[in-house]
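Take a look at the letters that make up each chain.
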Amino acid sequence: MDSDCIFCKIVRGEVPSTKVYEDGDVVAFMDIGPVVKGHTLVIPKLHYDPLMNVPEDLLQKLILVVQKIAMAQVSGLKADGVNVTQANGELAGQVVPHVHFHVIPRYKGDKHSWSCKADKYDTIEEMGGYASRINAAMREL
Ligand code: 5GP
Ligand code: ZN
């Protein structure tokens, strides 16, 4: 637990939140600034950050809750689609440094715009070079 972390405070009940789901390891609660109404955050109860530091068994539990929330947004909120996003590091847009998954219901005509501009590789070899570096690093993990 991190005494200054806003999400740890939510887990401890020191900051109010509207919970959707809770078990021994995981909490899901409504994001206070929804990108689209119904936007839910899924977090571990223990303070881990970033994603790369989360133990495997806990990550499995988290992603299964993410999947259930997404399913419930479709069946319960009649979402037409769902975005699952997750940021690691300030540069990547992370504001709260306690690992969390955003589960965002999407609707035809909702106000959320997804503006990712695709870059491109100069050559197929350049792309292969990135793939090799990732693959080699994975073998070291
Ligand atoms: P990040 O930008 O770190 O990926 O996302 C942090 C999210 O936490 C934001 O969407 C923000 O609205 C939400 N958030 C920040 N503080 C609080 C809070 O006190 N309560 C709740 N429910 N959500 C929060
Ligand atoms: Zn925390």
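Given the structure is predicted, the values throughout are model-derived calculations rather than measurements.

**Student:** Any chance you could explain the overall build of the chain here in plain terms?
**Tutor:** Across its full length, the chain carries three helices and five strands. The helix and strand sequence of the chain, counted from the amino end, reads α-β-β-β-α-β-β-α. Its C-alpha atoms give the chain principal-axis dimensions of roughly 50 × 40 × 25 Å. The buried share of the chain, reckoned over its 141 residues, is 31%. Of the contacts made within the chain by residues no fewer than 6 positions apart, 54% connect residues no fewer than 24 positions apart. For the chain, the exposed surface amounts to about 9600 Å²; the carbon and sulfur share of it is 58%. Considering the chain, the positive charge centre built from 15 side chains and the negative charge centre built from 18 side chains are found 8 Å apart.

**Student:** Looking at this model, I keep getting lost on the coordination of the zinc ion (ligand 2). Mind explaining?
**Tutor:** Tetrahedral coordination by four donors sets the ideal angle at the metal to 109.5 degrees; octahedral coordination by six donors sets it to 90 or 180 degrees. Protein coordination at the zinc ion (ligand 2) comes from Cys5 (SG), Cys8 (SG), His47 (ND1) and His98 (ND1), with a distance range of 2.0 to 2.3 Å. For the zinc ion (ligand 2), the four donor atoms in the first shell make angles of 105 to 117° at the metal, so the coordination geometry reads as tetrahedral. Counting the intervening residues between successive donors of the zinc ion (ligand 2) yields the motif C-x2-C-x38-H-x50-H. In this pair, His47 is assigned in the loop between β3 (40-44) and α2 (56-76) and His98 in the loop between β4 (81-85) and β5 (101-106), connecting sequence segments 51 residues apart. On the basis of relative accessible area, His98 is assigned to the buried category, the value being 0%.

**Student:** How do you make sense of the site of ligand 1 when you look at a structure like this?
**Tutor:** In the vicinity of ligand 1 there are 15 residues, among which Asp31, Val95, Val96, His100 and His102 approach most closely. One nitrogen or oxygen atom from the main chain of Ile32 is found 3.3 Å from a nitrogen atom belonging to ligand 1. Between ligand 1 and Gly93, the relevant distance is 3.3 Å, taken from an oxygen atom to a main-chain nitrogen or oxygen of the residue. Relative to its free-state accessible area of 520 Å², ligand 1 is covered by the protein chains to the extent of 80%. Breaking the shell around ligand 1 down by element, the ones donating at least two residues are α1 (6-12) and β2 (26-30). At three residues, α1 tops the list of elements feeding residues into the shell around ligand 1.

**Student:** I'm lost on the environment of Lys117 in this one. Help?
**Tutor:** Within the fold, Lys117 resides in the loop between β5 and α3 (124-139). When the C-alpha atoms of Lys117 and Ile32 are compared, they prove to be 28 Å apart, with 85 residues separating the residues in sequence.

**Student:** I tried to follow the pairing of strand β1 (residues 19-22) on my own but got confused; where do I start?
**Tutor:** Moving residue by residue along a regular strand, the side chains alternate between the two faces of the sheet. By the bridge criterion, three bridges tie β1 to β2 in an arrangement that is antiparallel. Opposite Lys19, over in β2, you have Phe29 as the bridge partner. In this structure, the hairpin formed by β1 and β2 is closed by a connection of three residues.

Cut-offs applied
- Residues numbered from 1 in each chain as written.
- Chains lettered and ligands numbered in written order.
- Predicted model: local features only at pLDDT ≥ 70, side-chain atom pairs only at ≥ 80, totals over all residues.
- Heavy atoms only, no water.
- Helix = DSSP H or I, 4+ residues; strand = E, 2+ residues; numbered from the N terminus.
- Buried < 20%, exposed > 50% of the residue type's maximum accessible area, 1.4 Å probe, protein only.
- Contact = heavy atoms within 4.5 Å.
- Areas by Shrake-Rupley, 256 points an atom, 1.4 Å probe, with all protein chains shown as cover.
- Lys, Arg positive; Asp, Glu negative; His and termini not counted.
- Charge placed at Lys NZ, Arg CZ, Asp CG, Glu CD.
- Donors = N, O, S within 2.8 Å, 3.2 Å for Na, K, Ca; no water.
- Tetrahedral: all angles 85-135°; square planar, octahedral: opposite > 155°, others 65-115°.
- Near = heavy atom within 4 Å.
- Polar contact = N/O pair within 3.5 Å; in protein donor to acceptor, adjacent residues only side chain to side chain.
- Pairing = 2+ DSSP bridges.

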